[in-house]
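# Architecture at a glance
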Amino acid sequence: MGKVLCYIYPEMADFEVSLLLHQLRKAGGREIVAVSEGLEEVTAQSGLRYLPDRRIAEIQDLEGIEALLIPGGPICNEQNAICPLARRMLESGKLVAAICFGPQFLGRAGMLDRYRYTTSCSVGEIRRLGCADPFNRANFVHRRTVADRNLITAQGYAFVDFAMEVCRYLAVFENEEQAYERLGRVKESAPD
């Protein structure tokens, strides 16, 4: 199986991707590679500390890489090192999946002009933060998850749905029943 890159950065919302990473590694047999600007320890919102495996700048060859995952975190318009890699991944037909405020990097990479997406970051939140809005609001869809070709985005509270969508895209589970079983969701039955 292939590699899945996970972007880690200070104050990332690690809970939004931990279930997904577990399923990709255990059920899907994927190698998880943590990438960051440098190789310094990164502290997430949970207080857990993470060590990157590789610098973003070292990722030149996309051979064997299936996906890039971007957890949510604070809006930071100066944090752009992941943007070129995200653009290359999308343009190469590789999966990019971002949750909560994570799509900000795709917006700054110019990719939200071409894809429908969702985010937890509202216009009001951008005003409150007093920063430039990285999102193309014309392509925003207010849904729990949005899958548009090789881009999957999700609201922060929809991390189980996000895991389901990414696992479905990467064919991690043999069937829907196994997906529901592994992700702890109750499959809704059709009304009588």
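Everything discussed here concerns the structure shown above.
Cut-offs and rules
Residues numbered from 1 in each chain as written. Predicted model: local features only at pLDDT ≥ 70, side-chain atom pairs only at ≥ 80, totals over all residues. Heavy atoms only, no water. Helix = DSSP H or I, 4+ residues; strand = E, 2+ residues; numbered from the N terminus. Buried < 20%, exposed > 50% of the residue type's maximum accessible area, 1.4 Å probe, protein only. Salt bridge = Lys/Arg side-chain N within 4 Å of Asp/Glu carboxyl O. Pairing = 2+ DSSP bridges. Core = buried A, V, L, I, M, F, W, Y, C linked by side-chain atoms within 4.5 Å. Contact = heavy atoms within 4.5 Å. Polar contact = N/O pair within 3.5 Å; in protein donor to acceptor, adjacent residues only side chain to side chain. Expected span 1.5 Å × (residues − 1). Arc of directions from axis to C-beta. Axes fitted to C-alpha atoms, helices over the stretch in contact; angles between N-to-C directions.

Turning next to unusual backbone geometry. Even without glycine at this site, C100 takes up a positive phi of about 60 degrees. Tracing the backbone through its elements, the reader meets C100 in the loop between β7 (95–99) and α3 (104–108). C100 sits in the buried class, given a relative accessible area of 13%.

Scanning the entire structure with this criterion turns up ten salt bridges. Put simply, E91 and R114 hold a salt bridge, and the shortest N to O gap is 3.3 Å. A residue pair is termed long-range when its members are at least 10 positions apart, and E91 in helix α2 (residues 82–91) and R114 in the loop between α3 and α4 (123–129) qualify at 23 residues. Taking the relative accessible area as the measure of exposure, R114 reaches 46% and is therefore partly exposed. For R128, the salt bridge goes to E125, with nearest N and O atoms at 2.8 Å. Here R128 pairs with E125, and both are found in helix α4, just three residues apart, close to one helical turn.

This next bit is on the pairing of strand β8 (residues 145–148). Here four bridges tie β8 to strand β9 (residues 151–154), and the two strands are oriented antiparallel to one another. Looking at β9, one finds that D148 is bridged to L151. In this antiparallel pair of consecutive strands, β8 and β9, the connection spans two residues, and R149 shows a positive phi of 55 degrees.

To continue, consider the nonpolar core. Counting residues in hydrophobic clusters, the biggest one holds 60 residues, and the most contacted among them are Y7, L68, L69, L106, F162 and V166. Contacts of L68, omitting those with residues within four sequence positions, involve L5, Y7, I82, A86, M89, L95, V96 and A97.

Another point: the side chain of R30. As for its placement among the helices and strands, R30 is situated in the loop between α1 (15–26) and β2 (31–36). Within the structure, R30 has its side chain in polar contact with the backbone oxygen of G28 (distance 2.9 Å). Looking at R30, its side chain comes within polar contact range of the main-chain oxygen of L170, at 2.6 Å. Apart from residues no more than four positions distant in its own chain, R30 is found in contact with M1, G2, V4, L24, R25, E66, L170 and V172.

This part takes up α1. Taking 1.5 Å per residue, twelve residues should reach 16 Å; α1 reaches 17 Å between its end C-alpha atoms and fits that length. Where α1 is concerned, the buried positions are E16, V17, L20, L21, Q23 and L24. All buried residues of α1 fall inside an arc of 165 degrees around its axis, so they share one side. Set apart from the buried face of α1 by more than 90 degrees, the exposed residues are R25 and K26.

Pairing within the open sheet is mixed, and its seven strands lie in the order β5-β2-β1-β6-β7-β9-β8. Edge strands, defined here as strands with exactly one partner in the open sheet, are β5 (54–55) and β8. Of the strand pairs in this sheet, strand β6 (residues 65–70) and β7 are connected by four bridges, and their pairing is parallel. By the bridge assignment for β7, I70 is matched with A98. Across the sheet, α2 lies against β1 (3–7), β2, β6, β7 and β9, angled at about 135 degrees from β6, the strand it touches most. Set on the sheet, helix α5 (residues 159–169) makes contact with β6, β7, β8 and β9; between it and β7 the angle comes to about 175 degrees.

Glancing now at the environment of L95. Relative to the helices and strands, L95 is located in strand β7. Residues L95 and E125 lie 30 residues apart in sequence; the distance between their C-alpha atoms is 28 Å. Excluding anything up to four places from it in sequence, L95 contacts E66, A67, L68, M89, N150, L151, I152, V166, Y169 and L170.

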